[in-house]
Amino acid sequence: MNLPTTIDPPLSSSPAEANKIFAEVVVNLPMRDAFTYEIPPQFRSILQIGMRVFVPFGRRKLTGYVVAISDRCDPAITLKAIEDVLDTHPVLSGEILALTRWLADYYHASWGEAVKAALPAGLEDESQEILTLTEEGLSAMEASDEKETLLLILKTIQDRGQVSAKQMRGLLLNRFSAYALARCKQLGFLKTQLKVKRSTVKYTFEKQAMIASQSPPEEEVEKLLRRSPKQKLVYDHLRGGEQTLGQLSQHFPSCSDTLKKLREKGLIEITTVKNQRQEEVETQDADWCAEAPLPFTSDQKKVYAELGHSLDASEFKTFLLHGITGSGKTEIYIRCIQRALEQKKTAIMLVPEISLTPQTVSRFQKRFGTNVAIMHSGLSQRERYLEWKKIQEGRVAIVVGARSAVFSPLKNLGIIVIDEEHDSSYKQDSTPRYHARDTAIVRAQAENAVVILGSATPSMESLANTESGKYRYLSLGKRVLDRLLPVVRITDMRVEKNEYKNFSILSGELKSAIRARLNRKEQVFLFLNRRGTANYIFCKECGFVFQCPHCSVTLTFHGSENVIRCHYCNYSARTPKTCADCMGEVIRFNGFGTQKLEEETRRLFPEAKITRLDRDTTRGKSAFEAMHELMTAGEIDILIGTQMITKGHDFPNVTLVGVVHADLSLNIPDFRSCERSFQLLTQVAGRAGRGRVPGQVIIQTHNPAHYVFDFVKQHDFQKFYEKELILRKQLNYPPFTRMIALEIESEIEALGESMARKLKSTLARVMPPARNIEVLGPSRAALYRIKNKYRWHILLRAQSAKTLQFLLKRLNDVQELKTAFTGKAKWSIDVDPVNLL
């Protein structure tokens with residue numbers, strides 16, 4: 001990452017002065033420019049930079065974000081006025097606005113998209129387009145002359161009367177076509193009207209009943225209620241003042257029918273009241289006492305002393321803390337955060353989503369009590385907003401969360417910790433495609449905070465940054481309490497099958513090791529990074545393989561549900577009994593996933609208590625908590641899972657880890673596949689032997705001669721790093737070059753290909769001379785078709801990030817591209833990509 005020398009200073013957030021009557025507003029759309037709106041007189045004394053406003057935008061109305069207030073505007077432009085101000089105080093500080101401005105520029109997104117990423121979901125008010133059929137649309141359906149995709153949209157609207165565009169997407173899923181919808185509008189088949197949908201995250205909406213403002217005379221009331229004693233009781237109760245329906249139901253259970261009849265008689269009114277959402281304020285238990293710090297090893301003391309020096313000096317500095325699994329990195333993080341708090345500063349702790357386990361959260365809460373906010377995807381929009389509000393109001397000083405927690409509105413930031421800094425989940429896979437690690441460093445630089453990047457297997461780029469002097473390298477080479485690293489054994493599955501005739505998923509050595517652990521009442525992890533029962537099914541007679549109709553991937557068989565499912569678009573179908581191609585009746589299942597592994601393990605060890613942890617079994621919020629409690633209580637003997645079990649777990653009684661199919665990640669067509677395989681295997685191996693009993697790891701592979709396994713077996717990260725560097729240099733890949741990926745996608749295959757070639761020719765035209773930029777492609781993406789869209793990649797490589805940024809700015813200015821890429825084909829930019837599939 002190419003760090004900027006400075007970030008623009010925070011913008012003033014004082015109210016607009018009387019003569020400043022224009023606001024610059026950005027919206028969550030792929031448009032780079034801010035839009036100028038007139039500030040109506042009633043808002044001029046209250047509007048501030050960083051507030052949200054509701055503005056007309058074309059035929060729609062959107063939530064926008066005020067990024068500047070001015071007294072000047074081009075007099076030739078007719079301005080629209082801001083319709084509403086949605087906040088009483090700015091939701092974006094000057095520091096966060098400056099950070100989102102940098103993010104938009106560096107990752108080539110719009111400022112509005114960057115701001116949206118920095119705020120909790122659900123804050124926006126928006127106008128919805130409601131669609132209904134016209135006479136022309138009905139006629140088109142009767143004639144059936146139009147394309148199938150258009151007729152599908154018309155039929156859906158006819159069945160439901162009216163739908164919004166968002167509802168249409170949800171109803172049709174992979175059959176939805178944005179182009180077909182636009183075509184229906186263009187041909188006059190649909191009538192549209194706007195309906196404003198208000199955000200409910202900040203507010204609660206309650207219905208309340210009251211005596212009607214135009215109530216009949218008393219004599220008439222008595223007459224209407226003479227034979228309805230229950231209605232009279234409710235009516236008399238409401239004479240004392242309005243009541244919410246919830247309050248009324250406490251006095252009069254099941255009174256909805258009574259209220260309906262009172263309303264029909266014109267005696268009461270029922271209205272909806274909007275209230276600011278009030279969260280329960282957490283209070284610290286009077287008996288609570290912070291857990292005592294764990295004692296430091298000599299290595300930890302040295303590392304902490306150097307980190308403490310920078311914290312005390314309040315200077316920006318980035319440290320790479322390379323510590324083997326079980327070496328006590330988390331305790332250093334907590335001590336450094338405590339030190340920042342003692343200086344009246346705040347802290348952000350970033351962890352990969354997969355590592356944000358109940359164990360991680362519990363450890364911070366035991367040390368800091370209610371002074372911690374938790375931000376992760378498992379929270380509902382309302383819960384996330386309440387956590388964010390708690391942070392913004394300064395009621396907590398520590399935020400622990402996944403990628404988006406880097407935007408937490410903390411004041412006086414002192415430290416940012418990024419645990420497992422190598423993890424690819426820190427990179428956002430949709431616009432804006434920011435990397436949380438690099439964004440954190442930029443934020444810390446602007447706010448003079450310390451950054452700690454921690455990992456047992458640091459990324460190649462971070463290690464290169466230590467060698468160039470951008471980061472300071474620190475290391476922890478021993479486990480706490482002098483515990484040993486696990487012994488790693490590599491099992492050749494070819495020998496198992498060819499010589500020992502063992503066709504089981506588990507090798508003989510792994511079966512024996514599991515049985516020994518069960519006899520000693522110890523626990524076992526079995527790791528397989530693939531879900532399902534069989535990874536594909538095929539016809540034995542003609543060789544036909546069942547593929548997803550919307551993606552270029554095979555369908556995975558899930559035996560517990562008897563369905564075949566696509567893990568990219570979630571398409572599913574009942575498992576076929578005959579071949580779809582030749583109608584043959586012999587269907588074979590090939591490969592295996594965690595579901596099949598669970599079945600096999602239960603068959604081999606019927607007395608064992610076995611639990612599976614993958615995306616199919618963790619749909620509820622409590623799944624992780626339940627697993628953690630059962631593991632801690634010794635109620636699980638064998639835990640089977642995907643990479644969900646590789647991080648964030650510390651169970652001292654786990655003494656054996658079995659990696660069932662280690663070749664999976666090695667076979668991915670990506671230049672980082674060896675690095676990721678080494679990281680994943682090292683991390684999962686690190687779950688073993690964290691208690692008093694030494695651990696063992698058995699890795700099953702069909703390719704034991706691969707160099708990755710040699711380095712995993714020896715726990716030799718340095719040698720792996722040196723070997724990988726040689727290969728990267730030969731192939732001209734990062735960290736020796738900087739990369740940008742351009743992705744072109746279209747529902748029409750030929751159009752996608754032609755637009756990819758057009759983009760390539762435009763690149764050649766705007767390429768600055770003698771800049772040494774390498775252009776690879778266009779070529780089909782490894783996953784060529786996802787959700788009915790065909791995907792093409794163009795890769796740009798150069799020695800300098802500035803060179804690539806300069807080229808992209810020139811490319812974005814080409815008007816021809818702006819008009820060429822319409823709804824039928826789109827292109828996107830991924831700066832510093834981590835996934836080239």
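Our subject is the structure that appears above.
These lines cover the structure that appears in this document, whether it is placed above or below.

Definitions and limits used
Residues numbered from 1 in each chain as written. Predicted model: local features only at pLDDT ≥ 70, side-chain atom pairs only at ≥ 80, totals over all residues. Heavy atoms only, no water. Axes fitted to C-alpha atoms, helices over the stretch in contact; angles between N-to-C directions. Helix = DSSP H or I, 4+ residues; strand = E, 2+ residues; numbered from the N terminus. Parallel < 35°, antiparallel > 145°, perpendicular 65-115°, else oblique. Left-handed = near helix turned anticlockwise from the far one by under 90°. Contact = heavy atoms within 4.5 Å. Pairing = 2+ DSSP bridges. Polar contact = N/O pair within 3.5 Å; in protein donor to acceptor, adjacent residues only side chain to side chain. 1 Å grid on protein atoms, 1.4 Å probe; cavity = no way out; pocket = protein on both sides within 12 Å on 5 of 7 lines; lining within 4 Å. Points joined across faces, edges and corners; volume = space filled by probe spheres on them. Nonpolar A, V, L, I, M, F, W, Y, C, P; charged D, E, K, R; others polar. Core = buried A, V, L, I, M, F, W, Y, C linked by side-chain atoms within 4.5 Å. Buried < 20%, exposed > 50% of the residue type's maximum accessible area, 1.4 Å probe, protein only.

One way to put it is that helix H21 (residues 673–685) packs onto helix H22 (residues 707–714) with a least axis distance of 10 Å and a crossing angle of 30°. By the angle class used here, H21 and H22 are roughly parallel. Relative to H22, the crossing made by H21 is right-handed. Judged by residue contacts, Cys674, Ser677, Phe678, Leu681 and Thr682 of H21 engage Tyr707, Val708, Phe709, Phe711 and Val712 from H22.

What follows is about the sheet that holds strand E30 (residues 738–746). One open sheet accounts for 4 strands, arranged E31-E32-E30-E33; its pairing is antiparallel. The open sheet terminates on both sides in strands that have one partner only, identified here as strand E31 (774–786) and strand E33 (825–831). Each strand axis lies, on average, 20° off the axis of its neighbour in the sheet, ignoring direction. The pairing of E30 with E33 spans 7 bridges and is antiparallel. Within E33, the residue paired with glutamate 743 across the bridge is serine 828. Against the sheet, helix H24 (residues 749–766) touches E30, E31, strand E32 (789–798) and E33, its axis set at about 15° to E32.

Another aspect to go through is the side chain of glutamine 300. With respect to the secondary-structure elements, glutamine 300 resides in helix H11 (residues 298–313). Once you skip the residues sitting within four places of it in the chain, glutamine 300 turns out to touch Pro295, Ser327, Gly328, Glu331, Ile332, Leu476 and Val480.

What follows covers the environment of histidine 702. Following the sequence through the fold, histidine 702 ends up in the loop between strand E29 (696–701) and H22. Placed 210 residues apart in sequence, histidine 702 and aspartate 492 show a C-alpha to C-alpha distance of 5.7 Å. When residues no more than four places from it in sequence are discounted, the contact partners of histidine 702 are Met493, Arg494, Lys497, His661 and Asp663. Side chain to side chain, histidine 702 and lysine 497 meet in a polar contact 3.3 Å long.

Let us now look at empty space enclosed by the protein. In the structure shown here, the tally under the stated rule is 4 cavities of 30 Å³ or more. A volume near 60 Å³ is recorded for the largest cavity. Looking at the largest cavity, the residues that line it are Phe527, Leu528, Asn529, Val659, His661, Ala662, Leu664, Ser665, Leu680 and Leu681. Partitioned by chemical class, the residues of the lining of the largest cavity number 7 nonpolar, 3 polar and no charged.

Attention shifts here to the sheet that holds strand E16 (residues 413–419). Taken together, the 7 strands give an open sheet; going across it, the order is E14-E15-E13-E16-E17-E12-E18, and neighbouring strands pair in parallel fashion. Edge positions in the sheet fall to strand E14 (372–375) and strand E18 (472–476), since each has one partner strand and no second. Here the average twist between neighbouring strands, direction ignored, is 15°. Two elements, E16 and strand E17 (residues 450–455), share 5 bridges in a ladder whose sense is parallel. By the bridge assignment for E17, isoleucine 415 is matched with valine 450. Packed on one face of the sheet, H11 meets strand E12 (317–323), E16, E17 and E18 and runs near 150° to E18. Helix H16 (residues 460–467) contacts E12, E17 and E18 of the sheet and is inclined by roughly 120° relative to E12.

Let us now look at the nonpolar core. By size, the foremost hydrophobic cluster in this structure holds 129 residues, and its most contacted members are Leu47, Ile82, Leu350, Ile699, Val708, Leu742 and Leu796. Per-element accounting of this core gives the leading share, 8 residues, to helix H1 (residues 94–107). Contact partners of leucine 796, with chain neighbours within four places excluded, come to Arg738, Met739, Ile740, Leu742, Leu763, Glu774, Val775, Leu804, Leu807 and Leu808. Val303, Ala347, Met349 and Leu474 belong to the second largest nonpolar core, which has 32 residues in total.

Without other data, these values stay purely geometric and don't point to any function.
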